[in-house]
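# Chain and residue survey
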Amino acid sequence: MMSILLNTTNKRRVLLLFLLVLFCAVTMLIQFYLVNKSRHPREIFFKTGLLSNHLQVQCTRPVKDIMFLKTHKTGSSTLTNIMNRYADSRELNVVIPAQDEVYTFYWPYKFQLNFIAPLNNFPNILCNHARFNKIPMNILLPKTRAKYITLLREPVSNYESVFYFFNLDGVLRLKKESRTTMGRFLSRNISLVKLRELIKKSFYTASALARNPQSFDLGLEMEYYENITAVKNYIDFLDSEFDLVLILEHFDESLVLMKRLFCWDLKDILYVKQMERLKIERNKEVITDDLKSKIRRWNKADDMLYSHFNATLWKRIHSEGPDFYEDLEIFRSELKQLQDVCLEKGSRKTLAYRKKYVRGYQVKANVTKALKNYCQKFVLNEVDYSKYHREKLKKQSKA
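Residues numbered from 1 in each chain as written. Predicted model: local features only at pLDDT ≥ 70, side-chain atom pairs only at ≥ 80, totals over all residues. Heavy atoms only, no water.

## Digging into the state of the cysteines
Stated formally: Cysteine sulfur pairs qualify as disulfides if the two atoms are within 2.5 Å. Runs of H or I in DSSP of at least four residues are treated as helices and runs of E of at least two as strands, each being numbered from the N terminus. Buried residues are those whose accessible area, probed at 1.4 Å on protein chains only, stays under 20% of the maximum for their type, while exposed residues exceed 50% and partly exposed ones sit between those limits.
Inspection of the entire model under this criterion finds one disulfide. A sulfur-sulfur distance of 2.0 Å marks the disulfide that ties Cys342 to Cys375. Measuring handedness by torsion sign, the sulfur bridge of Cys342 and Cys375 sits at about -65 degrees and is left-handed. In this pair, Cys342 is assigned in helix H13 (residues 323-342) and Cys375 in helix H14 (residues 369-376), connecting sequence segments 33 residues apart. Exposure class is identical for Cys342 and Cys375. Each is buried.

## Overview of the environment of Tyr374
Heads up, the condition is: For this analysis, residues touch if any pair of their heavy atoms sits within 4.5 Å.
Here Tyr374 lies in helix H14. In the structure, Tyr374 is positioned eleven residues away from Val363 in sequence and 10.0 Å away in space, judged by C-alpha atoms. Apart from the residues lying within four places of it in its own chain, the contact partners of Tyr374 are Leu270 and Leu338.

## Some words on unusual backbone geometry
Trans peptide bonds make up the majority, and among non-glycine residues the majority have a negative phi. In this chain, Trp107 is followed by Pro108 through a cis amide linkage whose omega measures 15 degrees. Mapped onto the elements of the fold, Pro108 is located in the loop between helix H2 (76-89) and strand S4 (125-126). If you check the backbone angles, Glu101 has positive phi at about 65 degrees while not being a glycine. Its location among the elements puts Glu101 in the loop between H2 and S4. For Glu101, a relative accessible area of 57% corresponds to the exposed category.

## Observations regarding empty space enclosed by the protein
Keep this limit in mind: Cavity means a closed set of points on a 1 Å grid over the protein atoms alone, one where a 1.4 Å probe fits but cannot get out, pocket means an open set with protein on both sides within 12 Å along at least 5 of 7 lines, and lining means a residue has an atom within 4 Å of a point. Grid points are joined across faces, edges and corners, and a volume is the space filled by probe spheres set on the points. By the convention adopted, Pro, Cys, Tyr, Trp, Phe, Met, Ile, Leu, Val and Ala count as nonpolar, Lys, Arg, Asp and Glu as charged, and the other residues, Gly among them, as polar.
The final tally for this structure, using the stated rule, is one cavity of 30 Å³ or more. Within this model, the largest cavity holds a volume of roughly 40 Å³. Looking at the lining of the largest cavity element by element, the count peaks at four residues for helix H9 (residues 228-241). Residues of the lining of the largest cavity, tallied by class, amount to seven nonpolar, one polar and no charged.

## Structural notes on the layout of surface pockets
Counted as a void, the second largest pocket has a volume near 410 Å³. Lining the second largest pocket are 16 residues; nearest its centre among them are Pro108, Ile199, Ala208, Phe216 and Met222. When residues of the lining of the second largest pocket are assigned to their parent elements, the largest contribution, three residues, is made by helix H7 (residues 192-201). Taken together, the residues of the lining of the second largest pocket sort by class into seven nonpolar, three polar and six charged.

## A closer look at the environment of Leu305
Within the element layout of this structure, Leu305 appears in helix H12 (residues 300-319). For Leu305, a relative accessible area of 3% puts it in the buried group.

## Notes on helix H10 (residues 251-262)
Inclusion rule: The span you would expect from a helix comes to 1.5 Å times its residue count less one.
Helix length check: H10, at twelve residues, gives a terminal C-alpha distance of 16 Å against a target of 16 Å (1.5 Å per residue), a fit within 8%. Phi turns positive one or two residues past the end of H10, at Cys263, with a value near 60 degrees.

## Side note on the packing of helix H4 (residues 155-165) against helix H11 (residues 289-298)
Rule in force here: Only the stretch in contact is used when fitting a helix axis, every axis being a line fitted to C-alpha atoms; angles between N-to-C directions are given from 0 to 180 degrees. For classification, angles of less than 35 degrees are called roughly parallel, those exceeding 145 degrees roughly antiparallel, those between 65 and 115 degrees roughly perpendicular, and all remaining angles oblique.
Following both chains from N to C, one finds H4 and H11 inclined at 85 degrees, their axes separated by 9 Å at the closest point. Considering the angle they form, H4 stands roughly perpendicular to H11. Listed contacts from H11 to Pro155, Val156 and Tyr159 of H4 are Lys292, Ile295, Arg296 and Trp298. Classifying every residue of the contact of H4 with H11 by side-chain character gives five nonpolar, no polar and two charged.

## With respect to the confidence of the model for the protein chain
Applied cut-off: Each residue carries a pLDDT score, the predictor's own confidence in it, on a scale running from 0 to 100.
For the protein chain, per-residue confidence averages 83 on the pLDDT scale, and residues scoring 70 or more make up 78% of the total. Confidence drops under a pLDDT of 50 for residues 1-6, and excluding neighbours within four residues, the segment shows zero contacts in the predicted structure. With pLDDT under 50 throughout, residues 24-57 is counted as low confidence; its partners more than four residues away or in other chains account for 44 contacts.

## With respect to the pattern of salt bridges
As a reminder of what qualifies: Basic side-chain nitrogens of Lys or Arg form a salt bridge, by our definition, when they fall within 4 Å of a carboxyl oxygen of Asp or Glu.
Across all of its chains, the model carries 24 salt bridges by this definition. Between Arg131 and Glu221 there is a salt bridge; the shortest N-O distance is 3.6 Å. Of this pair, Arg131 sits in the loop between S4 and helix H3 (134-140) while Glu221 sits in the loop between helix H8 (213-217) and H9, and the two are 90 residues apart along the sequence. With a relative accessible area of 30%, Glu221 lands in the partly exposed category. Salt-bridge contacts for Arg296 lead to Glu154; the nearest nitrogen and oxygen are separated by 3.5 Å. With Arg296 in helix H11 and Glu154 in the loop between strand S5 (147-152) and H4, this pair connects stretches of sequence that are 142 residues apart. You can call Arg296 partly exposed: its relative accessible area is 32%. Ionic contacts of the salt-bridge type, sharing partners, join the residues Lys259, Arg260, Glu320, Asp323 and Asp327 into one network.

## Thoughts on the side chain of Ser77
As for its placement among the helices and strands, Ser77 is situated in helix H2. For Ser77, a relative accessible area of 8% translates into the label buried. Each residue touching Ser77, except ones within four places of it in the same chain, is listed here: Lys70, Gln274, Met275 and Glu382.

## As for the sheet that holds strand S6 (residues 244-247)
Defined as follows: Strands pair, by our definition, only if DSSP identifies at least two bridges between them.
Taken in spatial order, the four strands make up an open sheet running S4-S3-S5-S6, and their pairing is parallel. The outermost strands of the open sheet, each flanked by one partner alone, are S4 and S6. Strand direction decides the pairing type here: strand S3 (residues 66-69) and S5, joined by four bridges, are parallel. Of the residues in S5, the one forming a bridge with Phe68 is Ile149. Along the sheet, H2 makes contact with S3, S4, S5 and S6, crossing S3 at roughly 160 degrees. Along the sheet face, H12 touches S5 and S6 and points at about 100 degrees away from the line of S6.

As structure tokens, then:
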């Protein structure tokens, strides 16, 4: 008799527990429905001196989960600053490399989950250099909730910048004799096999950028560089993976499109150029039409990649309608205002890393403390921002 009573009591407890769980689940579903039902498209007004009655494309919820695949010498450090500022202003979780004093996800190796520092919460943004690797990136930032973006640059200007910024003539054991070093290098018609040997012998990781640097960053293996069918298939694959590919030559247009797609505010995409080469490091070689042709042939995969996504960008912009250009005009006005308010005229040398100097800026001294703090974040590079996010992560771990 006692065992029957106990069994009856246990059954009642299980039933009550089941009803309680069911009640909680139904309550949460009702709350979710009511919140989303009451959500209205938000009007965002931009400030250009006075408030302008300008209505942004209708949005409901800003995107906060982003995988930005950072490419080399494409203006990507500027976009990284935008991502870091957005994360910082909204207390989002930025993914950082596992090891202190390391600022890439062990590039040029393909990204792996063990390359990241332990997380305290769900990750929101990844924006430091990483080589694209679909599966672990999809696990870290699932495509169901995250947007995937990257940035490309016209292959001739990109390759010239990569070649001389990373001193590839020295890395690939070429003599530094004249201003035509890149031209001589391309005239040698080095085979893929020989190039791989040169890269393998080099202790400098940037040597991996010696051919098709943007395609390499996006995960294309060197063995497929001369296989046009494989390159086309890989571009189609990237098109399906990335929600937006920005183009440096149309950077402002790309950012305005990103803002509209992400439901962001105008202030979120304001920028100051980062990691820009010093004037003395530019124009080291006269880029003739013949040399342009050689660069494009050598970087055929990058040329195909750029052509595809440049066309895709403009197709998307045209579909936005005429009010897109109203946004663009206001944005450029705000950019000029930011520079006038925040920055001293001219530029100065600033240390990027490893004795490498780039163009830097001086924030105005005669501004309020609050404004100075605001302006300072526009000139903070990815190395300093990584240190900043790492310190925040350590504090969260101790809390």
